[in-house]
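Each chain, letter by letter, is given below.
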Amino acid sequence: WGWNCDLLFSLSGHHSVSKNFLFTLGLGVTFGFSFAYMLLSATGAGRKEIFLGPPYHPDTQEADPHDHKPLSSLQPGPPPEIMLHPEHHTSTSPAPLSTKVRVLCWVMTGPQNHETRARHVKATWGRRCNKLIFMSSKSDPDLPAVGLNVKEGRDSLWAKTKQAYGYLYANHLDDADWFLKADDDTYIVVENLRYMLEHQNSSEAVYFGCKFKPYVKQGYMSGGAGYVLSKEAVKRFATKGLQDKTGAICRSDGGGAEDVEMGKCMENLGVRAGDSRDSLGRGRFFPFVPEHHLIAGHMPDDFWYKKYVYYPVEEGMGCCSDSAISFHYVSPNQMYVMEYLIYHLRPYGIDSQVEPLYPTSSTSAITKVPAQQKHSSKQ
């Protein structure tokens, strides 16, 4: 460095380069490196925050309460056969929606999760779907799991999603009216999903989920909270989106964030991003466990979820619909806890039927429905 300095000052003496010039040059180089670093940070870590949550410092022991790692247990969970509980009898009037609103559920999983997660989905909420299929990179007839020609890992989720819907279109299009995608740590209340979809038309190009607002003009649905496509949306995705090799409609390679790429693809295909909230404006699809949404103050105002959720978020019990549909980062043990609380615990003398709710004069989230139209309002 000393030799370089002598050389520089020697050159400055011969060519009349002033010290001010050298100072300006050094300042410019410093500014350039600083600007480049900030630019790379904005395009790299910032995007990571959107999909994985806020960045954490590895040198600290403080865990973020919304991080999925402590919630997604790698333990195998309890043996499903000892967790069976007789179902409560349901009323035959009105007729069950399972025959009127047919839902095929496909679950994103991998070979490493067949025993630790997937089998618990099958033992709990998955058995209430009209058809349940697991999408993996390895076939497993016991689940059943379809072995897709994809690599495992976060960078392959879009590839797995495309192949999954291509498989469903080719083999199961007539088995259902609606096609739900969920992760193997997502819990779905299938009856409430059918309830929301009862007055929707599966021949319309539409999909529903927890809507986020960046990157896609009409918004896109959180992958972890799950999203459901109408039959028409599946048709367009398979016959137009997957056939486009230019990438103009849907991203042609397997990279990118699965939910964002699906959102862009759906918008380009003319598939509407529907509003899944109830008549009081409360959400139904959630990307975290119930506690993180229900407890006021659990999420700080600058938390990434509040920045990207499409609709206003309420604190406390007002966050969530009485007919909520999904929660994410649910461990195998917690799935059985939710099974018990939702399907088996019954306070004596309290009717558990979901009743239509309509906005009061103090509710501004959604326009109040006139009395003569209440029977057709969404719930």
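Up top is the structure.
Residues numbered from 1 in each chain as written. Predicted model: local features only at pLDDT ≥ 70, side-chain atom pairs only at ≥ 80, totals over all residues. Heavy atoms only, no water.

## Concerning the overall build of the protein chain
- Each helix and strand in the protein chain was counted, giving 10 helices and 11 strands.
- Here the protein chain holds 379 residues, and 46% of them are scored as buried.
- When contacts within the protein chain are restricted to residue pairs at least 6 apart in sequence, those whose partners lie at least 24 apart make up 75%.
- Accessible surface for the protein chain amounts to roughly 20,400 Å². Of this, 56% is attributable to carbon and sulfur atoms. (Helix = DSSP H or I, 4+ residues; strand = E, 2+ residues; numbered from the N terminus. Buried < 20%, exposed > 50% of the residue type's maximum accessible area, 1.4 Å probe, protein only. Contact = heavy atoms within 4.5 Å. Areas by Shrake-Rupley, 256 points an atom, 1.4 Å probe, with all protein chains shown as cover.)

## Quick look at the packing of aromatic side chains
- Evaluation of the coordinates by the stated rule reveals 15 aromatic pairs.
- With centroids separated by 5.7 Å and ring planes inclined at 85°, the aromatic side chains of Phe-212 and Tyr-220 adopt a geometry described as edge-to-face.
- Overall, the relative accessible area of 0% leaves Tyr-220 in the buried class.
- Where Phe-288 meets Phe-303, the ring centres are 5.9 Å apart and the plane angle is 45°; that geometry is what we call tilted. With Phe-288 in the loop between strand S10 (272–273) and helix H8 (290–294) and Phe-303 in the loop between H8 and helix H9 (304–308), this residue pair connects regions lying 15 residues apart in the sequence. Assigned by exposure class, Phe-288 and Phe-303 land together as buried.
- An aromatic cluster of three or more residues is present, and its members are Phe-212, Tyr-220, Phe-288, Phe-303, Trp-304, Tyr-305 and Tyr-329.
- Of note, Arg-128 hangs over the ring of Tyr-343, and the distance from its end group to the ring centre comes to 3.5 Å. (Phe/Tyr/Trp six-rings, centres within 6.5 Å; stacked < 30°, edge-to-face > 60°. Lys NZ or Arg CZ within 6 Å of the ring centre and 35° of its normal.)

## Describing the pattern of salt bridges
- Inspection of the entire model under this criterion finds 20 salt bridges.
- With a shortest N-O distance of 2.9 Å, Asp-183 and Lys-181 are connected by a salt bridge. Here the two residues Asp-183 and Lys-181 agree in accessibility, since each one is buried.
- Salt bridges linked by common partners bring Arg-127, Arg-128, Glu-191 and Glu-339 together as one network. (Salt bridge = Lys/Arg side-chain N within 4 Å of Asp/Glu carboxyl O.)

## A few points about the pairing of strand S6 (residues 206–209)
- Along S6, one buried face is formed by Val-206 and Phe-208 and the opposite face, lined by Tyr-207 and Gly-209, is buried too.
- In the sheet, S6 pairs with S10 via two bridges, with the strands oriented parallel. Bridge pairing links Tyr-207 to Ala-273 in S10.
- Taken together, the three bridges between S6 and strand S9 (residues 227–230) define a ladder with antiparallel strand orientation. (Pairing = 2+ DSSP bridges.)

## Some remarks on the side chain of Asp-177
- Tracing the backbone shows Asp-177 in the loop between helix H4 (157–171) and strand S4 (178–183).
- Residues within four places of Asp-177 in sequence aside, it is in contact with Lys-100, Val-101, Arg-102, Ser-202, Leu-229, Ser-230 and Lys-231.

## What about the sheet that holds S10?
- Strand order in the open sheet made by the seven strands is S3-S2-S1-S4-S9-S6-S10, with mixed pairing throughout. Only two strands of the sheet have a single partner each, and these edge strands are strand S3 (145–147) and S10.
- Its contacts with the sheet place H4 against strand S1 (103–108), strand S2 (131–136), S3, S4 and S9, and it is angled at close to 150° to S1.
- Sitting on the sheet, helix H6 (residues 231–241) is in contact with S4, S6 and S9, with an inclination near 85° to S9. (Axes fitted to C-alpha atoms, helices over the stretch in contact; angles between N-to-C directions.)

## Let's talk about the side chain of Thr-109
- Its place among the elements puts Thr-109 in the loop between S1 and helix H3 (114–123).
- Residue classification places Thr-109 among the buried residues on the basis of a relative accessible area of 4%.
- Apart from the residues within four sequence positions on either side, Thr-109 is in contact with His-114, Ala-118, Phe-134, Met-135, Ser-136, Glu-152, Lys-160 and Asp-184.

## Concerning the nonpolar core
- Ranked by internal contacts, the top residues of the largest apolar core, which has 85 residues, are Trp-125, Tyr-165, Leu-193, Tyr-207, Phe-237, Met-266 and Tyr-305.
- With six residues, the single largest contributor to this core is S1.
- With near-sequence residues (within four places) excluded, Tyr-305 lies in contact with Cys-210, Phe-212, Pro-287, Phe-288, His-293, Met-299 and Val-313. (Core = buried A, V, L, I, M, F, W, Y, C linked by side-chain atoms within 4.5 Å.)

## A few points about H3
- The buried fraction of H3 is high, at seven of 10 residues.
- Within H3, the full set of buried residues consists of His-114, Thr-116, Arg-117, Ala-118, His-120, Val-121 and Ala-123.
- Structurally, H3 contributes buried residues whose contacts are with S1, S2, S3 and helix H10 (332–344).

## Considerations on unusual backbone geometry
- In this structure, the amide linkage connecting Leu-143 to the following residue, Pro-144, adopts the cis form with an omega of 5°.
- Counting through the fold element by element, Pro-144 comes out in the loop between S2 and S3.
- Its identity as a non-glycine residue notwithstanding, Tyr-215 has a phi of 75°, on the positive side.
- Its location among the elements puts Tyr-215 in the loop between strand S7 (211–212) and strand S8 (220–221).

## Describing the state of the cysteines
- For the coordinates displayed, the defined rule picks out three disulfides.
- Each disulfide pairs two cysteine sulfurs, and for Cys-105 the partner residue is Cys-129, the sulfurs being separated by 2.0 Å. Sign of the S-S torsion, about -90° for the bond between Cys-105 and Cys-129, identifies this disulfide as left-handed. Of this pair, Cys-105 sits in strand S1 while Cys-129 sits in the loop between H3 and S2; the two residues are 24 residues apart in sequence, bridging distant segments of the chain. Comparing Cys-105 with Cys-129, the two get one shared label, buried.
- Paired through a disulfide, Cys-250 and Cys-265 show a sulfur-sulfur distance of 1.7 Å. (Disulfide = S-S within 2.5 Å.)

Remember that the coordinates give geometry; whether it matters functionally is a separate question.
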